[in-house]
Amino acid sequence: MLNTTVDRRIQKLQQALKTERILLGEVITKEQQNGKWYAVVRWKGLRLYCIEAELGLQEQVKNKADALLGALIEFVVVAQEDSRFYISRVKAMEKRRKIWQEKVKEGDIVEGRIVGVTPRNAFVEVSGYEFALPAEEMLWNYTNDLRRHFKIADRVKAKVISKEPPQISVKQAYPNPWDVPPSVEVGQVIVAPVDAIAPFGFLVKLDDGKQCLCPPYSNAREVPTIGTKVVVQIQNIDLEKKRIFGTIQRILR
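Residues numbered from 1 in each chain as written. Predicted model: local features only at pLDDT ≥ 70, side-chain atom pairs only at ≥ 80, totals over all residues. Heavy atoms only, no water.

Novice: Mind showing me how you'd approach the nonpolar core here?
Specialist: Side chains of nonpolar character tend, in soluble globular proteins, to be buried together. Membership of the largest hydrophobic core comes to 21 residues, with the highest contact counts inside it found for L13, L48, F75 and V77. Sequence-distant contacts of L48, defined by excluding residues within four places in its chain, comprise L13, A39, V40, V41, W43, F75, F85 and I87. Counting 20 residues, the second largest nonpolar core, distinct from the first, contains V104, I114, A122 and M138. (Core = buried A, V, L, I, M, F, W, Y, C linked by side-chain atoms within 4.5 Å. Buried < 20%, exposed > 50% of the residue type's maximum accessible area, 1.4 Å probe, protein only. Contact = heavy atoms within 4.5 Å.)

This is the structure in structure tokens:
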């Protein structure tokens, strides 16, 4: 039974080699062959090999295989040598880009995949293009760490801002919390969780998805952390600048 399963997978790879069908696999490690580094990509339990030059990363990126560890990447099978299959992410990206040029229009909502994420930037692959987006284009709200919201291999929606040059925004594919009036009023006291911590204060998340900025909490014995529920009094609502300000009165335990 095991041999039959393996044979079917090999047959599928051999067929993909002929048809240039795009497949999806996970970068799990790297391996050196004849003095050159290859990313090892797992596909249905098999190990496939992509030379670093075919990973589609910019020249200035060093240790290209390391940069994609854990990422799901699309690829095309380009060669078979004995029991080893060699693949190319570049060729898959080229095929996807052709679809982008022929079918995608400005304003379209498309699907993307997170291939990397840092505290302040996310790398999103859409139709063969890889976009490095700052936090401000990933979320409507402020965050001090995008890794709290996204992880490698997550699928996200994105809005096409420009077809040429290609430009997208993830946040614009989702509703803006400020599309509806604030659910709070000046003077109101509410309970809300701390959603982000910034150098200028704490941002708590309101029930309608907006954030309320509070200055640093003055009680030195208690410091709120992300997720901590606090009692907040709303001090000001600036509809023009889309800002809500409040003060933390106490921490709930």
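There's plenty left to go through after this.
Novice: Help me out: how do you make sense of the environment of V184 in this one?
Specialist: With respect to the helices and strands, V184 occurs in the loop between β10 (167–169) and β11 (189–198). If near-sequence neighbours (up to four positions away) are discounted, V184 is found in contact with I190, L206, I234, I237 and I244. (Helix = DSSP H or I, 4+ residues; strand = E, 2+ residues; numbered from the N terminus.)

Novice: Is there a simple way to think about the pattern of salt bridges in this case?
Specialist: For side chains bearing opposite charge, pairing can occur when the charged atoms are close. One pass over the full model with this rule turns up 15 salt bridges. Between E74 and R96 there is a salt bridge, and its shortest N-O distance comes to 2.9 Å. Here R96 lies in helix α3 (residues 89–103) and E74 lies in strand β4 (residues 72–81), a separation of 22 residues in the sequence. Exposure remark for E74: the relative accessible area of 14% places this residue in the buried category. Residue classification places R96 among the partly exposed positions, given a relative accessible area of 27%. A salt bridge links K105 to D108, with the nearest nitrogen and oxygen atoms 3.8 Å apart. What makes K105 exposed here is its relative accessible area of 52%. Ionic contacts of the salt-bridge type, sharing partners, join the residues R89, R113, E125 and E130 into one network. (Salt bridge = Lys/Arg side-chain N within 4 Å of Asp/Glu carboxyl O.)

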